[in-house]
Every structure is written in C-alpha cells, then in structure tokens.
Amino acid sequence: MAKMINKTLVLTYIYLLIYVLLSTGVILYNKWVLSPKYFNFPLPITLTMIHMGFSGFVAFLLIRVFKVVSPVKMTFEIYVTCVVPISAFFASSLWFGNTAYLHISVAFIQMLKALMPVATFIMAVVCGTDNARCDVFMNMLLVSVGVVISSYGEINFNIIGTAYQVMGIFAEALRLVLTQVLLQKKGLTLNPVTSLYYIAPCSFVFLSLPWYVLEKPNIEVSQIQFNFWIFFSNALCALALNFSIFLVIGRTGAVTMRVAGVLKDWILIALSTVIFPESTITGLNIIGYAIALCGVVMYNYIKIKDVKATQPITDSLPDRITKDWKEKRSSDGESPRGGVELNDEEAPLITSSRLSHIGRTQLGSHTAV
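Scoring rules and cut-offs
Within any chain, residue numbers begin from 1 and follow the written order of that chain's sequence. pLDDT decides what is reported in this predicted model: residues at 70 or higher carry local features, side-chain atom pairs at 80 or more are listed and counted, and totals for whole chains, interfaces and linings draw on all residues regardless. Excluding hydrogens and water, the side-chain figures rest on all heavy atoms present in the structure. Secondary structure elements are defined from DSSP: runs of H or I of at least 4 residues count as helices, runs of E of at least 2 residues count as strands, and each element is numbered from the N terminus. Relative accessibility thresholds used throughout: buried, under 20% of the residue-type maximum; exposed, over 50%; partly exposed, between the two (1.4 Å probe, protein chains only). Accessible areas in this description were obtained via Shrake-Rupley with a 1.4 Å probe; residue shielding takes into account the shown protein chains only. By convention in these notes, a salt bridge is any Lys or Arg side-chain nitrogen within 4 Å of a carboxyl oxygen on Asp or Glu. Definition of nonpolar core: a set of buried residues of the types Ala, Val, Leu, Ile, Met, Phe, Trp, Tyr and Cys, connected through side-chain atoms within 4.5 Å. Note on contacts: a residue pair is in contact if any heavy atoms of the two residues lie within 4.5 Å. UniProt positions are given in the numbering used here, feature names are shortened, and annotations may be inferred rather than shown by experiment. For a helix, the expected span equals 1.5 Å multiplied by the residue count minus one.

Thoughts on the overall build of the protein
So, point 1. Tallying secondary structure elements over the protein gives 12 helices and zero strands in all.
So, point 2. The order of α-helices and β-strands along the protein, N terminus first, is α-α-α-α-α-α-α-α-α-α-α-α.
So, point 3. Every one of the 369 residues in the protein was classed for burial, and the buried ones make up 52%.
So, point 4. For the protein, the accessible area works out to roughly 16,300 Å², and carbon and sulfur atoms hold 70% of it.

Given below as structure tokens:
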C-alpha cells in the first residue's frame with residue numbers, strides 16, 4: 001500500500017512538472033512565433049485557427065476513428081444554447097490574448113493576468129453565480145491596485161496591447177461563468193478530448209470572421225513565411241498541454257494547483273526576460289505584481305475555505321490518494337471530480353463537474369490551444 005501511494009505521489013509531481021514546463025513553453029513559443037523581432041508571423045488569429053483546426057482534427061480521430069474516447073450525448077439544442085456561446089467567448093479570449101503578444105512583453109502579460117480573479121468574480125456576480133461579499137471585494141481591490149502599480153512601472157507600456165489583454169481576460173472570465181451556468185445546468189461533463197471535439201471547430205468558425213476582415217488581406221499582400229514544422233510543433237505543444245492538465249487535475253488538490261500556478265508565473269516572468277531581452281522588468285513591476293499576488297492568494301484561501309465548509313470531512317491524505325487512484329482506474333474517461341478548475345491561458349478547454357471561481361489564469365487557457 002505504501003509503495004502504491006509513493007508511486008502515485010511521484011507520478012503526481014511528475015505530471016505537475018510536465019504541466020508547468022508545457023504551459024511555460026507554449027506561451028514563450030507563441031510569443032516567439034508572433035513577434036516581428038523573431039519568427040515574424042504577426043497573425044495571431046491565423047495562429048489560433050491553426051491550433052483550433054489541429055486540435056479539432058486530433059479530437060475527431062480519437063473519438064470517431066480510433067474510438068479511444070466515447071462522445072457525450074450532444075443534442076442540437078445543447079450545442080446551440082451551450083457550446084456556441086461558450087465557443088464564441090473562448091475564440092474571443094484567444095484572439096485578444098494572442099494579439100497582446102504583438103504589443104507587450106510576456107512578463108507584463110503575466111502580471112496583467114493577476115486580474116483574472118477580479119474579472120471572474122465580477123462576471124460571476126453579474127450572472128448570479130456568486131454573491132458580492134465585502135472580504136472578497138477588498139481582495140479584488142488589492143489585486144487591482146497591484147496591477148495598476150505594475151502597469152505604472154512598465155517601461156514599454158502599450159495601451160493597445162494592454163487593452164487587448166484585459167479584454168481577453170474578461171472574455172475568458174465570462175466563458176468560465178457561462179461554462180458553469182450552461183453546461184452544469186444541462187448536466188453535461190466534458191473531458192479535454194470531447195471539449196476539443198465540440199468547441200474547437202465552433203471556435204474556428206467564429207475566428208474565421210475577424211480573420212477574413214483583419215488578416216486575410218495582409219496574408220495576400222505581404223511575404224509571410226510559413227514553416228510547417230514550426231506550426232506543427234507549436235500546435236502539438238498546445239495540444240499536449242491540454243492533456244497534461246487532464247492528468248494533473250484529477251491527482252491534485254486546489255492548494256497544490258494554485259502553488260504550481262504561482263510557480264509557473266514566476267518561472268515564466270524570469271525566463272521571458274532571458275529569452276526576450278526587450279522584456280525589461282522594473283522594481284515597480286515586481287512590487288505591483290507582489291501586491292496583486294497577495295490579493296490573489298488571499299482570495300484563493302477564502303474560496304478554498306468556502307468549498308471545504310460545504311463538503312463533508314474528508315479522508316486522510318493516504319486514504320484520499322488511494323481512493324482517488326481506485327476511482328481513476330474504474331472511471332471511463334469522464335472529467336475529474338472535485339472543485340479544481342484549471343484555467344490556463346494556453347489550454348482553457350478543461351471543464352469539471354463542479355466549477356468554482358477560485359482560480360487565476362492558470363488555475364480555474366487560451367491558447368492557444
């Protein structure tokens with residue numbers, strides 16, 4: 001028994017490491033591909049459509065051809081009322097978020113993402129899935145003040161890039177709330193493969209509209225380089241990130257996932273300054289982000305405490321790990337249980353049966369998948 005538990009713990013931390021590496025790698029890879037200073041493919045909608053098309057195709061193969069995963073019972077009514085609006089906001093978050101890479105640094109983008117709990121809380125209150133509370137409001141105010149300080153300290157501040165990133169954050173927050181309101185109401189549970197199967201093609205269609213207006217003319221008149229292996233590996237990494245989240249989300253608790261997300265943020269900020277020398281970080285950036293992070297941590301603590309207060313007394317850690325391991329073996333590809341939702345910018349398609357608004361950008365996509 002002890003050997004089995006130790007093996008499970010080792011696998012959990014290996015999956016966490018894979019998630020952190022893939023998530024960090026995909027964001028840096030996207031920045032490198034899109035940036036005019038590097039690979040010079042300044043077409044974020046096109047890149048996102050490549051990701052959507054590739055992910056949808058792989059999901060189709062897994063479900064319809066190889067039959068590795070069983071499709072869910074999807075009616076036309078559920079598709080139109082649930083999948084279509086969720087896909088629309090998902091596509092918007094991808095479009096806005098990837099466009100921000102053209103204007104601002106990866107480090108500053110990660111600092112702005114601290115606003116994700118604020119946006120999610122606002123959308124949840126507006127949609128009636130959460131209540132306005134004084135303690136949460138104060139945390140949100142602290143996060144907002146931290147982001148403002150960080151923005152003030154940004155040397156290469158760009159209002160267009162900042163606006164795109166903030167719009168992407170709010171689009172993603174609304175997508176999360178709609179996922180809870182619409183999919184949960186229908187009792188529909190999607191795992192990563194079925195999420196990609198239903199949402200990716202619909203998002204591809206939505207993205208084709210702004211692509212036709214904004215990017216198609218540029219593709220026709222400019223010399224845009226296209227390297228098959230670059231785009232194939234980029235899309236493959238984004239797809240692998242989705243699957244790594246599926247492995248992680250069923251093996252860890254909320255606290256572990258949030259710690260992993262914070263670790264990933266700091267690694268990403270540090271690496272981006274090394275890989276992209278133009279990404280200069282100032283002391284005011286760090287101070288502002290640290291303040292925002294304190295607000296995020298306090299918010300996570302409040303929401304985790306709320307979740308625990310509504311749940312019965314849990315088993316001890318070894319018993320819970322053993323139980324989780326047995327349940328995973330007997331499961332048939334359904335989404336993991338629990339209140340942990342990963343909301344990674346590069347892979348936001350994961351939905352769980354009990355969504356909560358604890359998370360931040362990594363914990364609660366976009367891709368770009």
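A short note on the pattern of salt bridges
So, point 1. Counted under the stated rule, the structure contains two salt bridges.
So, point 2. The salt bridge partner of Arg175 is Glu172, with a shortest N-O separation of 2.8 Å. Here Arg175 and its partner Glu172 are both found in helix 7 (residues 159-186), three residues apart, which amounts to about one turn of the helix.
So, point 3. Classification of Arg175 by relative accessible area gives buried; the value is 1%.
So, point 4. Among the residues examined, Glu172 registers a relative accessible area of 5% and is labelled buried.

Quick word on the nonpolar core
So, point 1. Core analysis: the largest hydrophobic core is formed by 77 residues, its most contacted members being Val33, Phe41, Val106, Ala114, Val143, Val147 and Leu207.
So, point 2. It is helix 3 (residues 76-100) that provides the largest number of residues to this core, a total of 10 residues.
So, point 3. Each residue touching Phe41, except ones within four places of it in the same chain, is listed here: Val33, Leu34, Ser35, Thr46, Leu47, Ile224, Gln225 and Phe231.
So, point 4. If you look at the next biggest cluster of nonpolar residues, it comprises 11 residues, including Tyr15, Val26, Leu241 and Ile245.

Focus on the UniProt feature "transmembrane region" (unreviewed entry) in the protein
So, point 1. In this numbering, the UniProt entry assigns the feature "transmembrane region" (unreviewed entry) to residues 12-29, 41-66, 78-96, 102-124, 136-153, 195-214, 226-248 and 282-302.
So, point 2. With 100% helix and 0% strand, the stretch residues 12-29 has end C-alpha atoms that lie 25 Å from each other.

With respect to helix 11 (residues 283-309)
So, point 1. Helix length check: helix 11 (27 residues) gives 39 Å between terminal C-alpha atoms against 39 Å at 1.5 Å per residue, within 8%.
So, point 2. All of the buried residues in helix 11 are Asn285, Gly288, Tyr289, Ala292, Leu293, Gly295, Val296, Tyr299, Asn300, Ile302, Lys303 and Ile304.

Structural notes on the environment of Ile149
So, point 1. Along the chain, Ile149 turns up in helix 6 (residues 134-152).
So, point 2. For the pair formed by Ile149 and Asn285, sequence separation is 136 residues and the distance between their alpha carbons is 7.0 Å.
So, point 3. Beyond its immediate chain neighbours, meaning those up to four positions away, Ile149 contacts Leu284, Gly288 and Ile291.

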